[in-house]
Amino acid sequence: MKLVLVTALLVCITGSHAQNIGIGTGNPNPSAQLDINSSSRGLLPPRLSKAQRDLIQNPAAGLILWCNNCGIAGEMQVYNGITWTNMIGNATSGAEAQICTQRWLVQNLDVNTYRNGDPIPKVTNNTDWQALTTGAYCYYN
């Protein structure tokens, strides 16, 4: 009986009718291999330390994980085929230092967009900088 069930399951998984899988939906989107639908729960990716992440041999482009000791409080990361980036494509957050009760990055953040993808203006003129009413960035000296 077990052999029949396993065989039936394999036929369903590998058969021509099993093109995509839906969780929480009976009609998965045809463009997705896995379609997860929920109004009360999320997707929980693997949670690894930076050291554990770096032990992954030959990560596939598109591999996603939560680096629990990257950034100030951890961050979602994706491997782009060359390097690990954060979810908006910037370099992953670097090492931190504890100074009294605050945690500081030991290098500049090195971003040029806001979290929503809008560009952060680069302002190099001192007069323009003093007149700013919005966020911007510049390089010291």
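Structure: above.
The present account deals with the structure reproduced in this document. (Residues numbered from 1 in each chain as written. Predicted model: local features only at pLDDT ≥ 70, side-chain atom pairs only at ≥ 80, totals over all residues. Heavy atoms only, no water.)

Focus on the pattern of salt bridges
Applicable threshold: The term salt bridge refers to a side-chain nitrogen of Lys or Arg lying within 4 Å of a carboxyl oxygen of Asp or Glu. Note on conventions: DSSP H or I runs of at least 4 residues are helices, E runs of at least 2 residues are strands, and numbering of each starts at the N terminus. Buried means the residue's accessible area, taken with a 1.4 Å probe over protein chains only, is under 20% of the maximum for its type, while exposed means over 50%, and partly exposed covers the values in between.
Scanning all chains against the criterion turns up two salt bridges. Across the salt bridge formed by aspartate 54 and lysine 50, the nearest N and O atoms sit 3.1 Å from each other. One end of the pair is aspartate 54 and the other is lysine 50, both in helix α2 (residues 50-54) and four residues apart, which spans about a single turn. Under the relative-accessibility criterion, aspartate 54 is labelled partly exposed at 40%. When its relative accessible area of 39% is taken as the criterion, lysine 50 is described as partly exposed.

Structural notes on the environment of asparagine 112
Note that asparagine 112 resides in the loop between β8 (102-105) and α3 (126-130). In sequence terms asparagine 112 and lysine 122 are 10 residues apart; their C-alpha atoms lie 8.2 Å from each other.

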